[in-house]
Amino acid sequence: MTEPVPPERFRCSVAALERGDAPVGTAVPARYWMLVGHPGPWPPKPIQAPPLTEVGDDLSAQLGRFGARLQLIRRHGRLEGDLVEADGLQPVFLVDVRRGLVGRASWQTPEDLVALAGRFDDLPDPTDEPLLLVCTHGRKDVCCAIDGRVVAAVLDDALPGAVWETTHLGGDRFAGNVILLPEGSQYGRLTGDTALGVVLDHLDGRVDLDRWRGRCSWHPAAQAAAHDLMRTDASVRLRDLAPPRLEAAGDDAWLVHLDHGDRSSLRHVVRTMSAPHELTCGGAPKVQALFDVTTPG
């Protein structure tokens, strides 16, 4: 008797690729980041992870002063529970995307984290050396676990010391997802074959526009406008762009001013919403933002 073939499990990243979902304009919005070394297991939300729960209210209040985003991190290839060093300390990074700086510290008790969360104006041991975060948050989404761990392995092998696995980075349907800090650019749809080339190109000033989700410190409309400018004018590089200036132009519409070098460009961006789709492997259908970008005549 032939055994029945089980139905193929739904994968949000595969469905998004088949729909042709555009990654641009989806970089997770955060100018400040607190990256906390934590071996796991990782709950759906970082603030729910023991022992952070012991200071959850105080830590959230400190982060809320800056609008900072909390992420749990761990080295690739370390077993859960294997991140604590011999002295009991774990790493903490405070990232200020606006200034392009990363503060470096460590923590042992939850109270250490509350104190550090108030230091975005006074970063400890600051550096501008890049950090690469790869979402491998399997409890949040299956695609992130499957695709993210392959990407983390490839990047960690080539760039040891710079790569960290992390909790949810948004945009599960674009797994594998990577963000480069403190610069703030985020990429999606990276694979074991493409990840290293995309990251090395970016560090050398070249943006993969098919996979670039945007820059986390910019409004989504600004991300879409910058993407269109770089797509239509190959001489414009991301590193040459000043922070875009937005001017309201109606409901869900903006004029985006883009200064690059001694030149300035203008884009008109209109946001609409799609029909509901399953945007994660386990969530209910939701709408997604769509951006139409034109050059004013």
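Above this text sits the structure in question.
Just so you know, these numbers come straight off a predicted model, no measurement behind them.

1. Side note on the sheet that holds strand β7 (residues 178–181)
(1) Moving on: Strand order across the open sheet formed by 9 strands is β4-β3-β1-β2-β6-β5-β7-β8-β9, with mixed pairing between neighbours. Two strands close off the open sheet at either side, each with one partner strand: β4 (101–107) and β9 (212–215). Across this sheet, the average inter-strand angle for adjacent strands is 25°, counted without regard to direction.
(2) Moving on: As paired strands, β7 and strand β8 (residues 185–187) are joined by 3 bridges and run antiparallel to one another. Bridge pairing in β8 places I179 opposite Q186.

2. Some points on the nonpolar core
(1) Moving on: Core analysis: the largest hydrophobic core is formed by 29 residues, its most contacted members being L155, W212 and L241.
(2) Moving on: Those elements that place two or more of their residues in this core are β5 (131–135), α4 (142–158), β7, α5 (195–203), α6 (220–232) and β11 (253–260).
(3) Moving on: No other element matches the 6 residues that α6 contributes to this core.
(4) Moving on: Excluding residues within four positions of it along the chain, L241 makes contact with W218, A226, L229, V236, L258, D259 and H260.
(5) Moving on: Residues I73, V95, V102 and C281 belong to the second largest nonpolar core, which totals 23 residues.

3. Overview of the pattern of salt bridges
(1) Moving on: Taken as a whole and judged by the stated rule, the model has 17 salt bridges.
(2) Moving on: Across the pair D208 and R211 runs a salt bridge whose closest N-O atoms are separated by 2.8 Å.
(3) Moving on: Given a relative accessible area of 23%, R211 falls into the partly exposed group.
(4) Moving on: Salt-bridge contacts for D228 lead to R267; the nearest nitrogen and oxygen are separated by 2.7 Å. Of this pair, D228 sits in helix α6 while R267 sits in strand β12 (residues 263–273); the two residues are 39 residues apart in sequence, bridging distant segments of the chain. For the residue pair D228 and R267, the accessibility class agrees, reading buried in each case.
(5) Moving on: Several salt bridges share partner residues, and in doing so they unite R19, D21 and R173 into one network.

4. Some words on the sheet that holds strand β13 (residues 289–294)
(1) Moving on: Strand order in the open sheet made by the 4 strands is β10-β11-β12-β13, with antiparallel pairing throughout. Here the strands that pair on one side only, and so sit at the sheet edges, are β10 (245–248) and β13. Averaged over neighbouring strand pairs, the angle between their axes works out to 30° when direction is ignored.
(2) Moving on: Where β10 meets β11, 4 bridges bridge the pair, whose relative direction is antiparallel. The partner of R245 across the bridge, within β11, is H257.
(3) Moving on: With respect to the sheet, α6 is in contact with β10, β11, β12 and β13, its orientation differing from that of β11 by roughly 55°.

5. A look at the pairing of β11
(1) Moving on: For β11, the buried fraction is high: 6 of the 8 residues fall into the buried class.
(2) Moving on: The loop that links β10 with its antiparallel partner β11 comprises 4 residues; one of these, G250, has a positive phi angle of about 120°.
(3) Moving on: Here β11 runs beside β12; their pairing, made up of 8 bridges, is antiparallel. Paired with V256 across the two strands is R267, which belongs to β12.

Cut-offs used in this document
- Residues numbered from 1 in each chain as written.
- Predicted model: local features only at pLDDT ≥ 70, side-chain atom pairs only at ≥ 80, totals over all residues.
- Heavy atoms only, no water.
- Pairing = 2+ DSSP bridges.
- Helix = DSSP H or I, 4+ residues; strand = E, 2+ residues; numbered from the N terminus.
- Axes fitted to C-alpha atoms, helices over the stretch in contact; angles between N-to-C directions.
- Core = buried A, V, L, I, M, F, W, Y, C linked by side-chain atoms within 4.5 Å.
- Buried < 20%, exposed > 50% of the residue type's maximum accessible area, 1.4 Å probe, protein only.
- Contact = heavy atoms within 4.5 Å.
- Salt bridge = Lys/Arg side-chain N within 4 Å of Asp/Glu carboxyl O.

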